[in-house]
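Here's the letter readout for the chains.
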Amino acid sequence: MTAAGIARLAGVGRAAVSNWRRRHSDFPKPVGGTETSPSFALGEVEAWLRDQGKLAEVPPRERVWQQIAGHPAGPLVALAHAGCVLLLLRDRPAARPTLAATPDERLAEVLPGPLDEVLTARLGAQRAVRTPTARDLAPAVPLLRGVTELAQAAAGGLGGPGPVFEFLLGRQLDANPRQFTLTPPGPAALMVALAGRAATVLDPACGTGALLRAAATAQAAQAVPGAKAPEAAPAFYGQDADADLAALTALRLALTEPTPAPTPASESPDGPAAPEVRVLPGDTLRADAFPSLAADAVVCHPPFNERNWGHDELAYDARWEYGFPARTESELAWVQHALARLRPGGTAVLLMPPAATSRRSGRRIRADLLRRGALRAIVALPPGAAPPYGIPLHLWVLRRPVAGARPPAELLLVDTAGASGAAAQTGAANPATGPGASTGTGGGGGGRDRLDWPAVESAVLAAWRAFDADGTLAETPGESRSLPVVDLLDQDVDLTPARHLPPPAAAEGAAQLDQIRARLTQTLLRTRELTPPPAADTALAPGAAAPGPGPVTTVGELARAGALVLRAGGSGTVRAGAAPVAVLTDTDVLAALPPSGVLSEAAPGESAEEPALLAAGDVVVPVLGGGAVARVVDAASAGAALGRNVHLLRPDPAALDPWFLAGFLRATANSRQASSYASTATRLDVRRLQLPRLPLAQQRRYGARFKALAEFEEALRLAGRLGEQLMQGLYDGLADGTVAP
């Protein structure tokens, strides 16, 4: 287990675990991992925590997770074994007493038969999930016992088998985010909504199953209680080159869906039929597992910029109906595969890189997609919607043409950057990534933190549904419009939405510009009032000796003496479903902005981890960036959580003035002597920052001067922002004719 796992086990932050390792010589030694991310033996850690009185009982969910993380065959195999047992418990509840009564030494021998029966019944004889043998299950008997306990409604607060598997899989994905290409819940739900109601859904690059699970969840939400079941059960098909991920997707879908009816559908025509789940491993482009499938919908987040996708082997493949993709156009190969696996009139939605709409190597295929009416809409998502988070990914909505039907005359283009910009000004948080995936505590301050996903989703669905119903859409400047296909068939066939959408009215018109100008004038007048007096007025008299530096102390010494409390940010969660908690990120501190992040939710069944909350008078210091920055928290920011890479200093009012503290921490020489340098970054050691030892009365005199400087600095910042806004508004207004020259 890692240091993060120890923190979770003991209910503390990761900083506490680091302190234990540093201060206690008997703390367990690492047994694996790396120097920067060591691993520890679960048994040794439990024993040490109990001896120290820091752990009374290991929560069942933590024990199960650590057993998965330490499985000799790897966590993905352990998750698959756990999922098989959970599926058995879910589909055959009568097996629980038998399993509970079976001794450990025989459990691994007894399970393979029942597991094979339930896997075959739910996933078919040909499937991604291999039936584990007794030899496979022997090392996992304690794990299987643990997941059986968790599956009970009263154990761990996780409910039944489905939520237990989601919790364990989510923990694995959160612990190793760089190993997987994830589709966040918000974009996944939007893609499924754009695809519309579908009885048969395919994801040819299913990964961890986020899109197919979103489709299954949407179908379950659309079911009308008491209504007669449809003639054909819904079916979900998936394929992935990674056999382990394909197996996890299959189990995830089987455990997400409603429990199969206890009687056959022929005997209970009104009973719900279990959806069909068919997920297979394999390279989709080279070895398609479903060559004859005609799905109602295809949803896909394909791999980007893949050169080895089969260009040389697949030159004469029948799927290249719209042209043979270049070696550098793997995404267009996935587009054509999706169209080839649709029924006529079926809809495909793919998450694509923005370069796919404009690269010259793909212009012929894009042109043919337009001419034949297969490409229906392109939606530009704002940066931060899905990984890679730094670029605005696109959604392509495609529809397989119906033979004999006239191709549509227009293409819908939507750009949602406006929703992102509005959210950035208001500091709105981003729920697109879902619980447990927010970057609020990360302090990045980027698009992910401030993306107003509900506004993005609402704008996209409103534009698509209106266009899909009428075949055309009235123009909304800067947001959406439909364009005649013939106007797009130029030499480049560049379909980037921003290039074809007129900009919104400049600064909402001349009246808005006048208001900005008035605010700027007032701010400049206040800046003049706050301008500090000339340095010569407060300089030393000629011939007077400069005072010596006097005794100094460090932040670390003050913390040990109790004159201030020092805390690092970045930890903390809120209970699932609780009101959101704002987070002050390092970017907010550097730019003097209000809190813009949001605290992530605890995983289902986990208790919330207490964050470091700000109070008025605290001093916050970012530790990355190499600058001299310190900020005193005001009443407006009080109550927010402290973000990652930010330290909080809470001075004792009887010993330290907060403005005196913040002012001296900002000195350039101070930050230079307290900084350490790596190959790519500069990090500030807050404990080494120095300030003079002065009586409280003298501190307050310094503090009053530092506070006046801070007010002057804030007025300058506001004037700069207003000036930039006025300048850009005038440029835009003159260019689009809303402002006369």
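Caption draft 1: Quick peek at the overall build of the protein chain. The secondary structure content of the protein chain amounts to 26 helices and 22 strands. A separation of at least 24 residues holds for 74% of the contacts in the protein chain among residues at least 6 apart in sequence. Entry remark: accessible area of the protein chain is about 34,300 Å², with carbon and sulfur atoms responsible for 54%.

Caption draft 2: Structural view of the pattern of salt bridges. Scanning the entire structure with this criterion turns up 30 salt bridges. In this structure, Arg327 and Asp312 form a salt bridge, with 2.9 Å as the shortest nitrogen-oxygen distance. Separated by 15 residues along the polypeptide, Arg327 in the loop between strand S6 (295-300) and helix H15 (330-340) and Asp312 in the loop between S6 and H15 bring together distant segments of the chain. A single network of salt bridges, built from pairs that share partners, joins Glu46, Arg50 and Arg63.

Caption draft 3: Expanded view of helix H14 (residues 243-256). Here H14 spans 20 Å end to end across 14 residues, near enough to the 20 Å set by a 1.5 Å rise per residue. For H14, the buried fraction is high: 11 of the 14 residues fall into the buried class. Burial in H14 covers these residues: Leu245, Ala246, Ala247, Leu248, Thr249, Ala250, Leu251, Arg252, Leu253, Ala254 and Leu255. As for H14, its buried residues are in contact with helix H5 (75-91), helix H8 (112-123), helix H11 (161-175), helix H13 (210-222), strand S4 (235-240) and strand S5 (276-281).

Caption draft 4: Seen up close, the environment of Val299. Looking at the element boundaries, Val299 is found in strand S6. Of the residues examined, Val299 reaches a relative accessible area of 1% and is grouped as buried. Dropping the residues within four chain positions of it, Val299 is found in contact with Met191, Ala195, Val201, Leu202, Asp203, Pro204, Leu211 and Val349.

Caption draft 5: Molecular detail of helix H4 (residues 60-69). Burial runs high along H4: 7 of the 10 residues are buried. Buried residues in H4 make contact with helix H1 (3-10), helix H3 (42-51), H5, helix H10 (141-151) and H11.

Caption draft 6: Fine view of the nonpolar core. Of all hydrophobic cores here, the largest spans 89 residues; its most connected members are Leu111, Leu194, Leu381 and Leu395. In terms of residue count, the dominant contributor to this core is H5 (11 residues). Setting aside anything within four residues of it in sequence, one finds Leu395 in contact with Leu190, Met191, Leu194, Val349, Leu350, Leu351, Ala377, Ile378, Val379 and Leu381.

Caption draft 7: Molecular detail of the confidence of the model for the protein chain. Considering every residue of the protein chain, the mean pLDDT works out to 85; 86% of them sit at 70 or more. Note that residues 422-429 has pLDDT below 50 and, in this model, 15 contacts with residues that lie over four places away or in other chains. Across residues 435-447, confidence stays below pLDDT 50; counting only partners more than four residues off in sequence or on other chains, it has 38 contacts.

Caption draft 8: Spotlight on the packing of aromatic side chains. Enumeration according to the criterion identifies 12 aromatic pairs in this entry. Relative to Phe467, the ring of Trp464 has its centre 6.2 Å away and its plane inclined at 40°; by these criteria the two rings are tilted. One end of the pair is Trp464 and the other is Phe467, both in helix H19 (residues 453-470) and 3 residues apart, which spans about a single turn. Each member of the pair, Trp464 as well as Phe467, is classed as buried. Following the ring pairs from residue to residue traces out a cluster consisting of Trp20, Phe27, Phe40 and Trp48.

Caption draft 9: Highlighting the packing of helix H12 (residues 185-195) against H13. At a minimum axis distance of 9 Å, the contact between H12 and H13 shows a crossing angle of 60°. Compared by their axis directions, H12 and H13 come out oblique. Crossing angle aside, the handedness with which H12 passes H13 is right-handed. Contact residues: H12 offers Ala188, Ala189, Met191 and Val192, while H13 offers Ala210, Leu211, Ala214, Ala215 and Ala218. Per-class residue counts for the contact of H12 with H13 are 9 nonpolar, no polar and no charged.

Caption draft 10: Quick look at the sheet that holds strand S7 (residues 342-352). Sheet architecture is open: 9 strands sit in the order S5-S4-S3-S6-S7-S9-S8-S10-S11, paired in mixed fashion. Looking along the sheet, the strands with just one partner apiece sit at the ends: S5 and strand S11 (480-484). When the angles between neighbouring strand axes are averaged without regard to direction, this sheet yields 15°. With 4 bridges connecting them, strand S3 (residues 200-203) and S4 associate as parallel partners. Within S4, the residue paired with Asp203 across the bridge is Gly238. H12 rests against S6, S7 and strand S9 (394-399) of the sheet, and its axis sits at about 155° to S7. Here H14 sits on the sheet in contact with S4 and S5, set at roughly 170° to S5.

Caption draft 11: Representation of a positive patch on the surface within the structure. A cluster of basic residues, Arg22, Arg23, Arg560 and Arg687, forms a positive patch at the surface. Looking at where Arg560 falls in the secondary structure, it is placed in helix H22 (residues 555-561).

Caption draft 12: Region of interest: the sheet that holds strand S19 (residues 646-651). Reading across from one edge, S13-S19-S16-S17 is the order of the 4 strands in this open sheet, with antiparallel pairing throughout. Looking along the sheet, the strands with just one partner apiece sit at the ends: strand S13 (564-568) and strand S17 (631-632).

Here is what the cut-offs are and how they apply
Residues numbered from 1 in each chain as written. Predicted model: local features only at pLDDT ≥ 70, side-chain atom pairs only at ≥ 80, totals over all residues. Heavy atoms only, no water. Helix = DSSP H or I, 4+ residues; strand = E, 2+ residues; numbered from the N terminus. Contact = heavy atoms within 4.5 Å. Areas by Shrake-Rupley, 256 points an atom, 1.4 Å probe, with all protein chains shown as cover. Salt bridge = Lys/Arg side-chain N within 4 Å of Asp/Glu carboxyl O. Expected span 1.5 Å × (residues − 1). Buried < 20%, exposed > 50% of the residue type's maximum accessible area, 1.4 Å probe, protein only. Core = buried A, V, L, I, M, F, W, Y, C linked by side-chain atoms within 4.5 Å. pLDDT = per-residue confidence, 0-100. Phe/Tyr/Trp six-rings, centres within 6.5 Å; stacked < 30°, edge-to-face > 60°. Axes fitted to C-alpha atoms, helices over the stretch in contact; angles between N-to-C directions. Parallel < 35°, antiparallel > 145°, perpendicular 65-115°, else oblique. Left-handed = near helix turned anticlockwise from the far one by under 90°. Nonpolar A, V, L, I, M, F, W, Y, C, P; charged D, E, K, R; others polar. Pairing = 2+ DSSP bridges. Patch = residues over 30% accessible without salt bridge, like charges linked within 9 Å, V, L, I, M, F, W, Y side chains within 5 Å. Lys, Arg positive; Asp, Glu negative; His and termini not counted. Charge placed at Lys NZ, Arg CZ, Asp CG, Glu CD.

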